[in-house]
Amino acid sequence: MTDSIALRRAWEKHPHFRYRGCAPDVDQPSRAAGDTALSLDAWHGEDLDGGEPQRVREARQAAAVEVCLNCPVMVQCDAYANSVVVEGGKARLAEPDGIWGGRLALERHRAFIRRRHEVAAQAPVRQMRTPQRLRVLEALAVHAEAEAVAQAAGVDVRTANWQRSRLVTQLNLDKGTATRRELLAAAVDQGLLDESVVVADDGTVPAVPPPVPSSGSSPSSRPAPSAEAVPSVEVPGASGGLSSGSVPAVGRLRASRPRRGRRSRVTIAGPGQLPLFDTPPPSSSAPVVSLRSVPVSLGAAA
Ligand code: SF4
């Protein structure tokens, strides 16, 4: 808004403003100074458009534009009228109606929309211009090794690779196949990089190095738990089919309090059938014991 006000002032304060084409003629104040055949309404005929025959309207508009093209303040007029103001959260032209600066309202609106699209298209490029990302890009232009790129950019390898990945995405390259050469070429096209600083490679260097698993950071890189690492639960006084050794602590172990003259019941609720015997394993002829509910005697039967 402030820009529009300033631009309007610049137009109105221009030394030749009083000689503008659409100013009132000295002798015929209702006529335009630039063409006395034209009414002063010729530039702002939106109210006339409804009842104005098309041919008459087009002739009027053409005559008004002709006057504009000879107007000494056309540039300032155009700059003000087509500046953008924001009202109620919406952007619009400072002068949305009529002829200003030699252009019809329709032409000016089209230019306004085109400008907005161009600005929107430039947004991703602006997002790419973070200082760290540009440093990584400049480092990548000179180096091919991931470590060298990171060192030259002053970041760690993981950060450098992440920035390279962001660049690949923002430059609309294929993350799976993009090469360093393609990334740098796209960056040059977008004006992010000067072509003269790019050191060429053979075209096989990936734009983003494959991830290097850090030790212990991913499940697949973790060592499988050893048998010793599995905690065990002692079953006190277990006898009969259940060995008195350790049982893998997978699932829950519950033992009911033994009652006089009764056998206690140990229940292991787990995800499935677990080996009940440590060593030796039961022979194939041994009866199959379900771990869901295993009746055992705890110590000598009372
Ligand atoms: S350029 Fe602007 S000031 Fe000049 S005649 Fe056209 S509308 Fe009027």
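What you see is a predicted model, and the numbers here were worked out from it, not measured in a lab.

(A) Main features of the packing of aromatic side chains. Summed over the entire model, instances satisfying the criterion amount to four aromatic pairs. Ring geometry for Trp-11 and Tyr-80: centres 5.9 Å apart, planes at 15°, overall stacked. Of the two residues, Trp-11 sits in helix α1 (residues 2–12) while Tyr-80 sits in helix α4 (residues 74–81), which places them 69 residues apart along the sequence. A relative accessible area of 6% means that Trp-11 is categorised as buried. On the basis of relative accessibility, which here comes to 7%, the residue Tyr-80 falls in the buried class. Seen in terms of ring centroids, Tyr-80 and Trp-100 are 5.9 Å apart; in terms of plane orientation they differ by 75°. Their pairing is edge-to-face. Separated by 20 residues along the polypeptide, Tyr-80 in helix α4 and Trp-100 in the loop between β4 (90–93) and α5 (105–128) bring together distant segments of the chain. Like Tyr-80, the residue Trp-100 is buried in the burial classification. Counting every residue linked through ring pairs, the aromatic cluster contains Trp-11, Phe-17, Tyr-80 and Trp-100. Just above the ring of Phe-17 sits the side chain of Arg-20; from NZ or CZ to the centre is 4.0 Å.

(B) Focus on helix α9 (residues 180–189). Those residues of α9 that fall on the buried side of the exposure criterion are Arg-180, Leu-183, Leu-184, Ala-186, Ala-187 and Val-188. At its buried positions, α9 is contacted by α6 (131–142) and α8 (157–170). Just beyond α9, the residue with positive phi is Gly-191, at close to 80°.

(C) Region of the structure containing α8. Here α8 is 14 residues long and its end C-alpha atoms lie 20 Å apart, about the 20 Å a rise of 1.5 Å per residue gives. Burial in α8 covers these residues: Ala-160, Asn-161, Gln-163, Arg-164, Ser-165, Leu-167, Val-168 and Gln-170. The opening residue of α8, the one whose side-chain oxygen lies 3.2 Å from the backbone nitrogen of Arg-158, is Asp-156. Asn-172 sits one or two positions beyond α8 and adopts a positive phi of about 60°.

(D) Structural detail: the site of the ligand. Taken together, Trp-11, Arg-20, Gly-21, Cys-22, Trp-43, Cys-68, Cys-71, Val-73, Met-74, Cys-77, Ile-99 and Gly-101 are the residues near the ligand. Among the residues making up the shell around the ligand, the classes are represented as nine nonpolar, two polar and one charged.

(E) Fine view of the pairing of strand β2 (residues 35–39). In terms of strand pairing, strand β1 (residues 31–32) meets β2 through two bridges, oriented antiparallel. Across the sheet, residue Ala-32 finds its bridge partner in β2, namely Asp-35. Where β1 folds back onto β2 in an antiparallel hairpin, the turn is made up of two residues.

(F) View of the environment of Arg-135. Here Arg-135 lies in helix α6. In this structure, the C-alpha to C-alpha distance between Arg-135 and Ala-153, residues 18 residues apart in sequence, is 5.2 Å. Those residues in contact with Arg-135 that sit more than four places away from it in its chain are Ala-153 and Val-155. At a separation of 2.9 Å, a polar atom in the side chain of Arg-135 contacts the main-chain carbonyl oxygen of Ala-153.

(G) Representation of the confidence of the model for the chain within the structure. Per-residue pLDDT for the chain averages 75, and the proportion of residues at 70 or more is 66%. Ranking the helices and strands of the chain by mean pLDDT puts α4 first, with 96, and strand β6 (residues 246–248) last, with 37. Low pLDDT (under 50) marks residues 216–256, which in the prediction has 61 contacts with non-local residues, meaning those over four places away or in another chain. Per-residue pLDDT stays below 50 along residues 266–302; that stretch engages in 65 contacts with residues further than four places along the chain or on separate chains.

(H) Geometry of the packing of α6 against α9. Running from N to C, α6 and α9 point in directions that differ by 125°, and their axes come no closer than 10 Å. Here α9 runs oblique to α6, going by the angle between their axes. Crossing handedness for the pair α6 and α9: left-handed. Within the contact between the two elements, α6 uses Leu-137, Leu-140, Ala-141 and Val-142 and α9 uses Arg-180, Leu-183, Leu-184 and Ala-187. For the contact of α6 with α9, the per-class residue count stands at seven nonpolar, no polar and one charged.

What counts, and where the lines are drawn
- Residues numbered from 1 in each chain as written.
- Predicted model: local features only at pLDDT ≥ 70, side-chain atom pairs only at ≥ 80, totals over all residues.
- Heavy atoms only, no water.
- Phe/Tyr/Trp six-rings, centres within 6.5 Å; stacked < 30°, edge-to-face > 60°.
- Helix = DSSP H or I, 4+ residues; strand = E, 2+ residues; numbered from the N terminus.
- Buried < 20%, exposed > 50% of the residue type's maximum accessible area, 1.4 Å probe, protein only.
- Lys NZ or Arg CZ within 6 Å of the ring centre and 35° of its normal.
- Contact = heavy atoms within 4.5 Å.
- Expected span 1.5 Å × (residues − 1).
- Polar contact = N/O pair within 3.5 Å; in protein donor to acceptor, adjacent residues only side chain to side chain.
- Near = heavy atom within 4 Å.
- Nonpolar A, V, L, I, M, F, W, Y, C, P; charged D, E, K, R; others polar.
- Pairing = 2+ DSSP bridges.
- pLDDT = per-residue confidence, 0-100.
- Axes fitted to C-alpha atoms, helices over the stretch in contact; angles between N-to-C directions.
- Parallel < 35°, antiparallel > 145°, perpendicular 65-115°, else oblique.
- Left-handed = near helix turned anticlockwise from the far one by under 90°.

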